[in-house]
Amino acid sequence: MSDTPFGFNLPPEEPEDGDQGGKKGQQGGGQGPGNPFGFGGLPGAGGPGGDNPFAAMFGAMNPGDLGAAFQQLGQMLSYEGGPVNWEMAQQIARQTVAQGTPDGVKDASIGPAERSAVEEAVRLADLWLDDATSLPSGSASAVAWSRAEWVEATLPVWKDLVDPVAERVGMAMGDVLPEEMQAMAGPLIGMMRSMGGAMFGTQIGQAVGVLAGEVVGSTDVGLPLGKPGRAALLPANIAAFGKDLSVPMDEVRLYLALREAAHQRLFSHVPWLRSHLFGAVEGYARGIKVDTGKLEDVVGQFDPQNPEQLQEALQQGMFQPEDTAEQKAALARLETALALVEGWVDAVVHAAAKPRLTSADALRETLRRRRATGGPAEQTFATLIGLELRPRRLRDASRLWASLTDARGVDGRDGLWSHPDMLPTAADLDDPDGFVHGEQLDFSELDKMLGEAAGQGPDLRKDSSGTGEKPGADDDKGTGDEGKDDSGK
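Caption draft 1: View of the overall build of the protein. Counting secondary structure elements, the protein contains 20 helices and four strands. In the structure as shown, the protein presents an accessible area of about 24700 Å², 51% of it carried by carbon and sulfur atoms.

Dropping the structure here:
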């Protein structure tokens, strides 16, 4: 990550010689009554009026750069939104994308040929997947994204992931002050929270921008980051991914389209899955605690001239999972869910690609290793939110799904997605044979009963005589027999 805080550009260096260099430190540069804070003066300032308390922070910027810096600083301190300044995150992410990847590849607009190639690859991938899964196509459309378009499309989902943890940090930044000082330090607390939101926005923006240079689709991290039903691929990143694989680019694109289309089928036709995954993330986030000791040290030594101290503290990580049964269960639930999703996709894509692509095995292993190790951006998210979105048991889950296919067929395997309680657990990944050949739970009768109770099935008020009359149907009608006993009296 960049060492430059809040997206400011570094000021140009002072010349070692010459008029400007000779004037440094002559006026206003010392620490005396005229300059109690020890800030240096503006280059070329000739008297006490040249003292500039921001010179140490911004250096010899030209008027245009200085104005932009003050504008960004003003935006940072005036921010009053949620725990993350997402407007700043968006700006930083776009700036990071515009800089290009470390190998010098710049972002570019998508041309008609690339768009057509992606649409054709997704269309063919869906045809192949029809033979490998009982879940129908989930790709109502296929789009080719630039990196900047990926940033714009996925930021709302990152917001859902990061905000819960950032909220805890914002609260902790106010709680580190002694209780007797908090009433007097209202403005300071507000400023600290604004700065915290800006710093989170900067870090998240940088991470999203870097990740935009690595991902090849909208589901690379195992979560649906785009809109439902829209398969998306990034041609520039696909080209970078396949550059050194010695595999025809058409095959690389098609294999990645198979993975994207398989994810879309799963998330489109398993309606509870999206909320299940995000609920697991939120449950894990609720158990994260902030290392207030480290935060107290940082706040106690906070130097207004050196705001990157707080940023560095965020980069080093201040989050620790609670060592509780609930937190362990939330983490296990999330890791297992991610592994089951990625394992199912891996097994289904391999079944569809193996008979048709000569490079299927090589591409499968490359994707497995890439998913297992992650990249620098994923590591940044792990530091920022204390969570690695990585399926640690992908291979175990893939083998289990493949065994289920052999034992129960495609329909029996995919039928497990009909209810979350039917899915394998972490213990089942340890004993796949026991799960595959064990007794199958059938929730169809339960679902039928629930449907009938909700009024979607047969009318439960119909009597058992077959007459079609409902008990109490004439309760509101006068029959003239009121008050008579069973004998008619």
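Caption draft 2: Geometry of the packing of helix α10 (residues 249-269) against helix α14 (residues 325-353). Where α10 contacts α14, the axes come no closer than 9 Å and their chain directions differ by 130°. Judged by the angle between their axes, α10 and α14 are oblique. Note that α10 runs across α14; the crossing there is right-handed. Of the residues in α14, those in contact with Tyr255, Leu258, Arg259, Ala262, His263, Leu266 and Phe267 of α10 are Val341, Glu342, Trp344, Val345, Val349, Ala352 and Ala353.

Caption draft 3: Seen up close, the pattern of salt bridges. Scanning the model with the defined rule gives 19 salt bridges in all. One salt bridge in this structure joins Arg356 and Asp131, with 3.0 Å as the shortest N-O distance. One end of the pair, Arg356, is in the loop between α14 and α15 (360-373); the other, Asp131, is in the loop between α5 (112-129) and β1 (141-144), and 225 residues separate them in sequence. What makes Arg356 partly exposed here is its relative accessible area of 35%. Residue Asp131 is classed as exposed on the basis of its relative accessible area, which comes to 60%. When the shortest N-O distance is used, the salt bridge between Arg253 and Asp250 registers 3.0 Å. A residue pair is termed a helical-turn pair when its members lie 3 or 4 positions apart in one helix, as Arg253 and Asp250 do in helix α10 at three residues. Linked through salt bridges whose partners overlap, the residues forming this network are Arg393, Asp396, Arg399 and Asp430.

Caption draft 4: Layout of the packing of aromatic side chains. Evaluated as defined, the whole model comprises three aromatic pairs. Each ring, one from Trp344 and one from Trp417, has its centre 6.4 Å from the other, and the planes form 85°; the classification is edge-to-face. Note that Trp344 is positioned in helix α14 and Trp417 in the loop between α17 (394-414) and α18 (426-430), a separation of 73 residues in sequence. The exposure class assigned to Trp344 is buried, which follows from its relative accessible area of 0%. Assessed through its relative accessible area of 3%, Trp417 is described here as buried. Put simply, the rings of Trp272, Trp344, Trp401 and Trp417 pair up and form one aromatic cluster. Across from the ring centre of Phe435, 5.6 Å away, lies the NZ or CZ of Arg408, which sits over that ring.

Caption draft 5: Representation of unusual backbone geometry. One non-glycine residue, Ser246, lies in the positive phi region at around 55°. Its place among the elements puts Ser246 in the loop between α9 (235-242) and α10. The class of Ser246 is exposed, set by a relative accessible area of 77%.

Caption draft 6: Broad picture of the packing of α14 against α15. Interhelical geometry of α14 versus α15 gives an angle of 165° and a closest axis separation of 10 Å. Judged by the inter-axis angle, α14 sits roughly antiparallel to α15. The interaxial crossing formed by α14 with α15 has right-handed handedness. In this structure, α14 uses Glu342, Asp346, Ala347, His350 and Ala353 to contact α15, whose residues at the interface are Ala360, Asp361, Arg364, Arg368 and Arg371. Counted by class, the contact of α14 with α15 contains three nonpolar, one polar and six charged residues.

Caption draft 7: Quick peek at the nonpolar core. Grouped together as the largest cluster of nonpolar side chains are 88 residues, with contacts concentrated most on Trp150, Trp158, Leu273, Trp344, Trp401 and Trp417. Ranked by the residues each element gives to this core, the list is headed by α14, at 13 residues. Residue contacts for Trp401: discarding those within four places in its chain leaves Leu340, Gly343, Trp344, Ala347, Arg413, Leu416, Trp417, Leu423 and Pro424.

Caption draft 8: Representation of helix α4 (residues 86-99) in the model. Helix length check: α4 (14 residues) gives 20 Å between terminal C-alpha atoms against 20 Å at 1.5 Å per residue, within 8%. Along α4, the residues classified as buried are Trp86, Met88, Ala89, Ile92, Ala93, Thr96 and Val97. Among the residues trailing α4, Gly100 stands out with phi positive, at a value near 90°.

Caption draft 9: Seen up close, the side chain of Arg368. The residue Arg368 is located in helix α15 in this model. A polar contact of 3.3 Å, which involves the side chain of Arg368, links it to the side chain of Ser398. Once residues within four sequence positions are removed from consideration, Arg368 is found in contact with Asp346, Leu394, Arg395 and Ser398.

Caption draft 10: Representation of the confidence of the model for the protein in the model. When pLDDT is averaged across the protein, the result is 73; 56% of the residues are at 70 or more. Note on residues 1-61: pLDDT is under 50 here. Beyond four places in sequence and across chains, it has 83 contacts.

Caption draft 11: Structural detail: the pairing of β1. Side chains Ala142 and Ala144 of β1 all project onto a buried face; the interleaved residues Ser141 and Val143 project onto a face where none is buried. The pairing of β1 with strand β2 (residues 230-233) spans four bridges and is parallel. Paired with Ser141 across the strands is Arg230, a residue of β2.

Scoring rules and cut-offs
Residues numbered from 1 in each chain as written. Predicted model: local features only at pLDDT ≥ 70, side-chain atom pairs only at ≥ 80, totals over all residues. Heavy atoms only, no water. Helix = DSSP H or I, 4+ residues; strand = E, 2+ residues; numbered from the N terminus. Areas by Shrake-Rupley, 256 points an atom, 1.4 Å probe, with all protein chains shown as cover. Axes fitted to C-alpha atoms, helices over the stretch in contact; angles between N-to-C directions. Parallel < 35°, antiparallel > 145°, perpendicular 65-115°, else oblique. Left-handed = near helix turned anticlockwise from the far one by under 90°. Contact = heavy atoms within 4.5 Å. Salt bridge = Lys/Arg side-chain N within 4 Å of Asp/Glu carboxyl O. Buried < 20%, exposed > 50% of the residue type's maximum accessible area, 1.4 Å probe, protein only. Phe/Tyr/Trp six-rings, centres within 6.5 Å; stacked < 30°, edge-to-face > 60°. Lys NZ or Arg CZ within 6 Å of the ring centre and 35° of its normal. Nonpolar A, V, L, I, M, F, W, Y, C, P; charged D, E, K, R; others polar. Core = buried A, V, L, I, M, F, W, Y, C linked by side-chain atoms within 4.5 Å. Expected span 1.5 Å × (residues − 1). Polar contact = N/O pair within 3.5 Å; in protein donor to acceptor, adjacent residues only side chain to side chain. pLDDT = per-residue confidence, 0-100. Pairing = 2+ DSSP bridges.

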